Amino acid sequence: MMTISYEYEGALYVNLTNRCDCACVFCLRHNGHKGSIYADDLWLEHEPTRQEALDDLLARDFSQYRELVFCGFGEPMYRADDIVWLVDELKKRVPNLPPVRINTNGHANLFLGRDVAPLLQGRIDTISISLNGSTPEEYCAVTKPRQGVQAWDAMLDFA
C-alpha cells in the first residue's frame, strides 16, 4: 500500500511524487526516516493519477483538518498542473475546504520551463518555500540542486 495522503498535526498532507531536483543534506530521502513522523510507505510505488489522488482525498473528512498541504517525499511542484486540477475539483466538491498550502523548494519555473505562479492565484492560500541558506553558496551546499546556482536564482524569482 502506498500513502497518497497522511495526517500530521491537524493537517492533511498530499504526497504526489518522489521526484526532486535537490539532494538536501537533511532530507529523509537520503538519510533514512527511522523514528520520524513519516510512514514507512511514503515512498510512492508509482505517481498516483489525478483520479487516484482525488479518490483518496474525497475519502477524507475535511472538516477535521485545519489545512490541506501538498508536500511529501518529493517536490510537489513537479505535479503543478495536477495540483491545480485537484484543488479545483476539491473546491467544487468539498464544502468549506480548508486553506491550501504548498511546501516547495521554489524551483518549479526552472524545471518546468514556464511560469507557474499565475496558476496558483486564487487556488493556493499559502506557499512555503524552503530557503535553506542566505547566500547562493550556502544554499547550494545545503540543498545540492541539480541546476546549481541557477536554482538559487529560480527560487528567489519564484518567491
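See the structure above.
Residues numbered from 1 in each chain as written. Predicted model: local features only at pLDDT ≥ 70, side-chain atom pairs only at ≥ 80, totals over all residues. Heavy atoms only, no water.

Draft legend 1. Examining the overall build of the chain more closely. Looking only at helices and strands, one finds 7 helices and 5 strands in the chain. The helix and strand sequence of the chain, counted from the amino end, reads β-β-α-α-β-α-β-α-α-β-α-α. Since a compact globule built from 159 residues should have a radius of gyration of about 15 Å, the 16 Å found for the chain is in line with a globular shape. Along the first, second and third principal axes, the C-alpha set of the chain runs to 45 × 40 × 25 Å. The buried share among the 159 residues of the chain stands at 47%. (Helix = DSSP H or I, 4+ residues; strand = E, 2+ residues; numbered from the N terminus. Rg over C-alpha atoms; globule rule 2.2 N^0.38 Å. Buried < 20%, exposed > 50% of the residue type's maximum accessible area, 1.4 Å probe, protein only.)

Draft legend 2. Representation of the packing of helix α6 (residues 136-143) against helix α7 (residues 149-158). The geometry of α6 relative to α7 is characterised by a closest axis approach of 9 Å and an angle of 105° between their N-to-C directions. As far as their axial angle goes, α7 and α6 are roughly perpendicular. Between α6 and α7, the contacting residues are P136, Y139 and C140 on the first element and V149, A151, W152 and M155 on the second. Its residues assigned to classes, the contact of α6 with α7 shows 7 nonpolar, no polar and no charged. (Axes fitted to C-alpha atoms, helices over the stretch in contact; angles between N-to-C directions. Parallel < 35°, antiparallel > 145°, perpendicular 65-115°, else oblique. Contact = heavy atoms within 4.5 Å. Nonpolar A, V, L, I, M, F, W, Y, C, P; charged D, E, K, R; others polar.)

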